[in-house]
Amino acid sequence: MTGYTMLINGEAVAGDESFDVLNPSTDKVLATCPSGSQEDLENAVAAAKGALPDWSALPIEERSACLLRMADRLEENLAALAALLSAEQGKPVEGYAGLGANFEVGGCLAWIRYTAGLTLPVEVVQDNEQARIEVHRKPVGVVGSITPWNYPLLITCWHIVPALLAGCSVVVKPSEYTPLTVLKAMHLVADLFPPGVLNVIAGPGAVGAAMAAHGGINKIVFTGSTATGKRIMEAAAGNIKRLTLELGGNDAAIVLPDVDVEEVAGKIFATSMINNGQTCAALKRLYVHDDIYDELCEALARLAASVTTGPANEAPDFGPLQNRQQFNKVCALADAAAREGAVFLSGGRPLDMPGYFFPVTIVRDIQDSSELVTTEQFGPILPVMRFTDIDDVIRRSNALELGLGGSVWSADTVRATELASRLECGTAWVNDHAAIQPDAPFGGAKESGLGVEFGVHGLLEYTQIQTVQICKC
Ligand code: NAD
């Protein structure tokens, strides 16, 4: 499969160089993708800069209308986009609990349609005989969007839709592991925007690094690892770029002894294994009260035994991990935990077949100091730890530098809410985890990020305040 092109100033650009995109279910080449050069980046930034004045001058209602048409266009092509996403990312089209490729593309539509309805009203902070003082929200300028490989299309929409609504123009760089669906989708909607408003270049991390350092880009919105986020922050200093960083998570969940174990096990299983565990805000460290520890571990093990892992096109519950690097990381974490004496209730070893298949794995009797607990595993392997003292388990939950999400599970929602508020994280859930929606701000505390996405709070991140003071005396 060939024929993928970048999108620069409304034109399809083949680029001088290319790289292979692998199918994670087979470890074979799926397609060839163009690799953007420095010249391609310069052209994309120049196009975005050139398109900015007219685009930002449009009434917000007109930009909103373009975005609503974008959602319709993606919906018309949902099946084809989901099939391509499934092939390159590895997630089944349906998948466990219906959270596969169809769900990702459907999520794009929901996010676009909600976000397109937001507005940026002028705020009046004073209006009397002395002065009228207004707070205006101006677009921040050219936005560079750099995305990871776990939800390639959804995260692209999370980045570019509020940016475009606010009046910014964008240059998108998808992950080199999963560029195809983004390239296809952006070409599908390209004619809905003036040339230069929406640009996409592909390529490795070096292209992202060049964007982070580029003087013509005013803001970077980045979703990916904390290590890369730190590098972007350094590179962005040159022109004081605005930043939104959605970085790694290693979310803790605390289960109190008063829960209905069977019911909670089902929810915890789904939220820790969502997208094969390759979800930033998935539940990644499970702390269970001693009274129900054995019972909950057994319920999770039964669920793990009931699901299938296999090639994305064979309609399994879970597909492969997305890339070899991630597969090797999960294998190494499992091996280390086994050497330390942790007990595996399911899985634990890769499947003996081509592709990056690691089965759903539940690990008990594991120490907090194990790398499987201290490192974001980003795979289908859940460590389950025991606790007796609530203050101690809150301390253990807060012990890491990451702070994306956290949750408390209990029949007593008042007590659970009070405990959840003590977690050092951007989102604290009660009796749920990783649940996100277009109107609720989402972002990380500590080293899990900077700024938020979604809703009006997320939209404001693509704006610069201009205070207008009109003297009346
Ligand atoms: P990554 O940081 O390796 O890569 C992400 C993107 O950054 C890719 O497009 C890559 O090409 C680019 N990149 C690499 N080096 C760069 C540099 N020096 N400068 C600029 N760009 C560069 O992350 P990944 O492995 O693709 O994604 C997995 C990570 O993403 C996990 O840690 C996960 O938790 C995190 N993530 C976070 C969220 C969130 O919302 N907080 C969502 C999804 C994923």
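Residues numbered from 1 in each chain as written. Predicted model: local features only at pLDDT ≥ 70, side-chain atom pairs only at ≥ 80, totals over all residues. Heavy atoms only, no water.

Comments concerning the packing of aromatic side chains
For clarity, the cut-off: In summary, the pairing rule links any two rings of Phe, Tyr or Trp, Trp by its six-membered ring, whose centres are within 6.5 Å, and it sorts them by plane angle into stacked for under 30 degrees, edge-to-face for over 60 and tilted for everything else. Strands are runs of DSSP state E lasting at least 2 residues, helices are runs of H or I lasting at least 4, and numbering of each runs from the N terminus. Whether a charge sits over a ring comes down to the Lys NZ or Arg CZ being within 6 Å of the ring centre and within 35 degrees of the ring normal.
This structure, assessed with the given rule, holds 9 aromatic pairs. Seen from their ring centres, Trp111 and Trp158 are 5.4 Å apart, and the 55 degrees between their planes marks the pair as tilted. Pair noted here: Trp111 is in helix 4 (residues 101–115) and Trp158 is in helix 5 (residues 152–166), with a separation of 47 residues, a long-range link. Counting every residue linked through ring pairs, the aromatic cluster contains Trp111, Trp158, Phe442 and Phe454. The ring of Tyr462 carries Lys219 above its face, with NZ or CZ at 4.8 Å from the centroid.

Focus: the sheet that holds strand 18 (residues 405–409)
Selection rule: Whether two strands pair comes down to DSSP finding at least two bridges between them. The contact criterion used throughout is that any non-hydrogen atoms of two residues lie within 4.5 Å. Note on geometry: axes are lines fitted to C-alpha atoms, helical ones only across the stretch in contact, with angles between N-to-C directions running from 0 to 180 degrees.
Reading across from one edge, 14-15-16-13-12-18-19 is the order of the 7 strands in this open sheet, with mixed pairing throughout. Each having just a single partner strand, strand 14 (343–344) and strand 19 (427–430) make up the two edges of the open sheet. Two elements, strand 12 (residues 251–255) and strand 13 (residues 283–289), share 5 bridges in a ladder whose sense is parallel. Residue pairing in the sheet places Ala253 in a bridge with Leu286 of strand 13. Lying over the sheet, helix 14 (residues 413–420) contacts strand 18 and strand 19, oriented at roughly 160 degrees with respect to strand 19.

Concerning the nonpolar core
Rules: Only buried residues count toward a nonpolar core. Its members are Ala, Val, Leu, Ile, Met, Phe, Trp, Tyr and Cys residues joined through side-chain atoms within 4.5 Å. Exposure classes here rest on a 1.4 Å probe applied to the protein chains alone. A residue is buried below 20% of its type maximum, exposed above 50%, and partly exposed in between. Start and end points for every domain follow an automatic or database-based domain assignment.
Ranked by size, the top nonpolar core spans 94 residues in total, and within it Met70, Met186 and Phe193 carry the most contacts. The element that contributes the greatest number of residues to this core is helix 5, accounting for 11 residues. Two domains each provide a minimum of three residues to this core, namely domain 1 (6–247 + 448–471) and domain 2 (251–437). Not counting residues within four places of it along the chain, the set of residues in contact with Phe193 comprises Trp55, Cys66, Leu67, Met70, Leu164 and Leu198.

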